Each structure stands twice: as C-alpha cells, then as structure tokens.
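Listed here are the chains, written in short residue letters.
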Amino acid sequence: MDMDKLVSLCKRRGFLFQSSEIYGGLNGFWDYGPLGTELKRNIKEAWWRDMITGHDDLDAPAGAPSAFQMVGLDSTIIMHPQIWKCSGHYDLFHDFMVDCRESKKRYRHDQVRGRWVSYQGKRAFVATQFGGDEGLAETEQKGLKFFGLRAKDAERLAWEGDLISLTKVADFAEVLGPDAKALGTLTPPREFNLMFKTYVGALSGEEGAAFLRPETAQGIFVNFKNVVDSSRVSVPFGIAQVGKSFRNEITPRNFTFRSREFEQMEIEFFCHPSQSADWYKYWRDRRYRWYTELGLAGDRLILRDHHQDELSHYSCGTADIEYAFPFLPPGEFGELEGIAHRGDFDLRSHMEGKLVREGDTLVVVKDAEGKPRHRGSGKDLSYYDDITRERFIPHVIEPSAGADRATLAFLCEAYTEDKVPDENGNPRERVFLKLHPRLAPVKAAVFPLVKKDGMPEVAQKIYRDLKKHFNVYYDEKGAVGRRYARQDEIGTPYCITVDGETLTSGTVTIRDRDTLKQWRVKVDDCVAELSKGLGG
Ligand code: ATP
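Residues numbered from 1 in each chain as written. Predicted model: local features only at pLDDT ≥ 70, side-chain atom pairs only at ≥ 80, totals over all residues. Heavy atoms only, no water.

Caption draft 1: Inspection of the sheet that holds strand 28 (residues 507–512) at higher detail. Reading across the sheet, the five strands line up as 26-25-27-28-29 and stay open at both edges, with mixed pairing between neighbours. Each having just a single partner strand, strand 26 (472–474) and strand 29 (518–522) make up the two edges of the open sheet. The sheet shows a mean angle of 25° between the axes of neighbouring strands, taken without regard to direction. Note that strand 25 (residues 444–448) and strand 26 share three bridges and pair parallel. Bridge pairing in strand 26 links A445 to Y473. Along the sheet face, helix 12 (residues 480–489) touches strand 25, strand 26, strand 27 (494–498), strand 28 and strand 29 and points at about 170° away from the line of strand 25. (Pairing = 2+ DSSP bridges. Helix = DSSP H or I, 4+ residues; strand = E, 2+ residues; numbered from the N terminus. Axes fitted to C-alpha atoms, helices over the stretch in contact; angles between N-to-C directions. Contact = heavy atoms within 4.5 Å.)

Structure follows, in structure tokens:
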C-alpha cells in the first residue's frame with residue numbers, strides 16, 4: 001500500500017490534520033478531524049467495553065486462570081514529581097541524541113544508519129535516516145556527491161557491507177551526517193530526557209518543577225491503595241486508564257506513529273506472585289486476539305516475545321504486538337502495544353524508593369551516605385488477602401497500548417483499492433476503507449435516489465430514526481454513484497437508498513460496502529437490519 005495515498009485521504013476526508021497547520025505546523029503533533037475523532041473514539045470505546053465495562057467479573061474469560069474484576073481510573077497528567085523519580089523516568093527515560101553542527105539538525109543516535117564507502121584511499125561513513133532500499137539508494141547518491149562523482153561512475157565507489165546503525169561507529173570524524181556536506185559534523189551522543197518539564201503555581205524555580213506524564217501507568221500505581229480501599233476489589237483485578245501522554249521525542253516521524261503528544265490505553269493487572277506467569281500469558285494472548293478480532297487479521301500483525309537480554313531489569317517476560325506499517329522497510333514491524341510482566345517493581349518503588357537490581361534482588365538506590373536517593377512514599381502498598389490471610393505485594397502485568405498507533409494500523413489495514421463495474425459495466429477504480437463495523441466512523445448513509453417525488457422526506461425520516469441508534473449521515477447531493485464512492489472512501493459499512501419503489505412498496509435498498517450486494521428491506525426494519533450487520 002502506498003502510504004502517501006492514505007495520508008492524502010486522511011487529510012482530504014478529515015481524519016487527520018497537522019497540528020497548528022495555518023501557522024506552519026508543529027512537528028510531532030497531530031489533530032483528529034471529524035471522522036478521525038469518531039474512529040479513534042470507537043477504538044477507545046471498543047477497548048473500554050471489551051476490557052472493562054463488558055467484562056464479566058463472575059466468569060473467567062477463555063484462557064484466564066480465574067474470574068477477576070476490572071475497574072477504570074482517570075488520573076491527572078501532572079503529578080507529584082517524586083513519582084517520576086521513583087518510577088525511574090527521571091533518571092532513565094532518555095534517548096541518546098546527536099546534533100549536526102553543520103545542518104543544526106538533531107537525530108536519535110540509534111535511528112541513524114549508514115554505510116562505509118571508500119574511494120581513492122579516502123573512507124567515509126555515509127549516514128541516512130532511512131532503512132532498507134530507501135536508505136541504500138540515499139547513501140549511494142550521497143556517496144557519489146560527496147566524492148564528486150557522476151551516476152555513471154558508481155562502480156568506482158567501494159561500498160563495505162550493508163547499512164549499519166551509527167551506534168556501531170566509535171569515531172565520528174569519518175561520518176557524513178544525514179544532512180551534512182562535510183565529514184565529522186556530528187557531536188558525540190548525549191542523553192536527552194524525554195519528559196516535558198513545566199512549572200506548577202507561582203514557584204518558578206526548580207521547587208515548582210513538574211513533568212507532563214510520559215505514560216498513564218504511574219497514575220494507576222499511585223492510586224492502587226485508594227482503589228483497593230474504596231472499590232471492594234480483590235486480587236486478582238485490573239485497573240484501566242485511557243489518556244494523553246507526552247514524550248519529547250527527538251525525531252517524531254512516520255505520520256502519527258511517533259508523536260510528542262499521544263493517547264495511551266493501559267491496564268495494570270494486579271495478581272498473586274505465584275500466579276503472575278500464567279496471567280502474563282493470558283494477557284499477552286488476549287490482547288493479541290483483540291486486534292485480530294477487530295480486523296488486523298493478516299500476517300502484518302505479529303506477537304513478538306522479547307529476548308532475555310531485551311527485558312527490563314525487573315521483568316520476567318515482555319511481548320510486543322507489532323504491525324508491519326507500510327512506511328517501514330519490508331520485514332520491519334512497529335510496536336502497537338507492549339505487554340510486560342513487571343513483578344512488584346512499581347508498587348515497591350513507590351513504597352521504598354527507586355529500585356535497581358543487585359545480583360538477584362532489587363534494592364533501593366542509596367547515596368554516598370547510605371540514604372535512599374529517591375525516597376518512596378513510605379506508604380504501605382502491600383495487599384492483605386482476607387481469605388488466605390496472607391499479606392503480599394502484588395505482581396503486575398501491564399498491557400500498554402497506544403490509541404493513535406492502533407488508529408493508524410486500522411487505517412492502513414483498511415485501505416483497499418479494487419475495480420468495480422460502473423453503471424455501464426466498465427471497470428471503475430474504487431478506494432474503500434474496509435474498517436470493522438464497530439470502528440467505522442459512520443455506520444450508515446441514507447440517500448434519496450433523486451431530490452424529488454417525496455424521496456428526500458422519506459429518507460430524512462429514516463435518517464432521524466436511525467440517528468437515535470447509530471452515527472448515520474444524510475446525503476442528497478450529486479449522482480448516487482458518487483455518493484456511494486464518498487461513503488466507501490470513509491469506510492461506511494452500509495448505504496440505504498430511497499427510490500421509486502420505496503414510495504409504492506415501503507422498502508429501501510441496503511448496499512454492503514465490501515460485497516457491493518444490494519437487497520431490499522422494509523423501512524420499519526432498517527434499525528433491526530443494521531443492528532444485525534453492525535453486530536450490536
Ligand atoms: P517505542 O519503542 O516505539 O518508542 P515504547 O516501547 O517506548 O515505544 P511504551 O513505553 O511501551 O512504548 O508505550 C506503550 C505504547 O504507547 C506503545 O506501544 C505505543 O503504542 C504508544 N506510544 C509510545 N510512544 C509513542 C509515541 N511517541 N507516539 C505514539 N504512540 C506512542
């Protein structure tokens with residue numbers, strides 16, 4: 001699929017706009033237009049319904065070790081700064097960046113790649129921000145230009161192997177930066193904390209410093225005790241939250257995939273340590289299934305277990321749900337969601353202070369005088385089980401998803417081009433979004449075939465009746481074929497047309513977006529017929 005076509009459809013039809021566009025835009029920030037807003041809402045609502053309100057706490061779902069409860073939370077974006085010290089974000093949530101003295105551009109160290117090349121005894125590492133064929137083509141061109149050669153002299157350059165990461169290059173003196181003309185203009189990598197800093201209240205100095213949350217999860221951990229004490233939940237149970245998170249990404253790119261402001265859908269599932277390995281497997285499989293059931297069913301979606309050496313120091317298992325986004329080089333996947341076994345790391349950190357692993361155990365980070373470097377809350381965040389009479393710190397399984405990446409993946413998967421016969425039987429190009437009916441922004445469109453003979457009045461009545469149940473759209477402008485095409489392009493599953501026969505037989509046609517089949521139903525049965533097709 002050609003990503004440019006999807007990006008242009010998103011803008012043209014009002015799914016996504018560059019933020020602050022009339023002022024030239026702001027890199028890494030995106031606005032959702034009317035249809036994008038509906039789509040993203042539907043994704044968040046499907047998640048909330050499937051994970052929380054629709055969850056039956058008296059019955060164990062397929063694959064779950066036992067029945068359990070799920071509750072929601074809505075915590076603040078700005079929280080006590082100590083939270084980020086204990087969570088590790090203050091010290092560890094950074095990327096390494098390199099700056100280019102020549103172009104004044106900044107890159108993520110691990111995202112710059114390049115190839116070694118030599119010509120007449122001179123050697124250079126030609127860097128690019130692209131991978132795969134695009135990266136190879138770009139380095140080839142830049143290499144020729146750098147050595148002052150023409151395309152026909154390409155064989156005179158001796159390339160050494162494939163694209164490799166800049167992280168594998170020790171000395172930058174021979175590096176030609178992605179946007180530079182001279183060698184050695186990149187600075188050594190420096191740490192860059194990804195949290196946005198702000199100041200609370202009248203205190204302008206460091207005393208008032210606070211951060212916009214880089215994840216919603218910590219709001220859940222610090223409210224664990226409140227929820228246990230107020231909600232009559234018992235372990236195992238989960239707390240879910242949907243909300244904005246902020247990361248000052250060094251190189252935001254790939255449409256909404258890597259943004260600086262984005263929305264997360266996170267669950268922290270609290271369980272007994274002896275059962276946490278089983279719960280981890282359960283959540284990993286259940287979350288993967290969720291995407292497949294909503295239409296990411298092909299081989300572009302994978303579940304990837306992390307290798308032992310990729311795991312965080314507290315984790316005994318992490319898996320990513322990844323999607324082969326069309327903007328990535330072939331064979332590469334981008335993360336949609338991470339499911340992590342986090343042990344008791346988070347609750348213990350908020351009790352005792354920031355933890356690190358020493359040997360086989362987690363210990364509190366101490367300063368030179370032996371005092372905890374980042375003090376925890378000092379509150380007891382353990383859990384007492386009334387039935388077994390046991391006190392323990394629950395283990396946590398964290399399925400952490402991004403609403404914007406999910407939206408983008410569903411859009412990419414849905415984008416379909418095919419050929420259909422027009423009124424004269426000639427093939428016509430058709431673009432449609434094959435979105436799952438639960439996710440489609442508009443569920444049905446109602447058209448009068450022509451704007452006369454009482455058809456608009458009947459169609460408007462149907463529209464008003466349907467509107468009580470679904471998000472429907474009324475359109476009487478232009479040829480009906482054009483109106484169908486417009487709805488196909490935004491993924492509307494059904495179109496209802498009022499025609500001459502409606503006035504005599506009291507029936508309308510319903511047209512299916514994917515199969516293009518049309519059938520007649522009674523006007524009074526429209527709601528029932530659509531409910532059947534939309535599954536609700
Ligand atoms: P990446 O490695 O791609 O930066 P991550 O591993 O840092 O992602 P997590 O911290 O696990 O991501 O965040 C959980 C989810 O939040 C991700 O799976 C993704 O869907 C979403 N997410 C994280 N960062 C961004 C971002 N910059 N823009 C959009 N969504 C994001």
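Picking up where we left off.
Caption draft 2: The arrangement of the side chain of R213 in detail. With respect to the helices and strands, the residue R213 is situated in the loop between strand 12 (209–211) and helix 6 (217–222). For the buried R213, no salt bridge exists, and the shortest N-O distance to an oppositely charged side chain is 5.6 Å, to D74. Here T76 takes part through its backbone oxygen, which lies 3.4 Å from a polar atom of the side chain of R213. (Buried < 20%, exposed > 50% of the residue type's maximum accessible area, 1.4 Å probe, protein only. Lys, Arg positive; Asp, Glu negative; His and termini not counted. Salt bridge = Lys/Arg side-chain N within 4 Å of Asp/Glu carboxyl O. Polar contact = N/O pair within 3.5 Å; in protein donor to acceptor, adjacent residues only side chain to side chain.)

Caption draft 3: Representation of the site of the ligand. Near the ligand you find 15 residues, and of these E249, R258, S259, E335 and L336 are the closest. The side chain of Q264 places a nitrogen or oxygen atom 3.2 Å from an oxygen atom of the ligand. Measuring from an oxygen atom of the ligand, one finds a side-chain N or O atom of R405 at 3.1 Å. Every element with two or more residues in the shell around the ligand is listed here: strand 14 (261–271), strand 17 (334–343) and strand 22 (395–402). (Near = heavy atom within 4 Å.)

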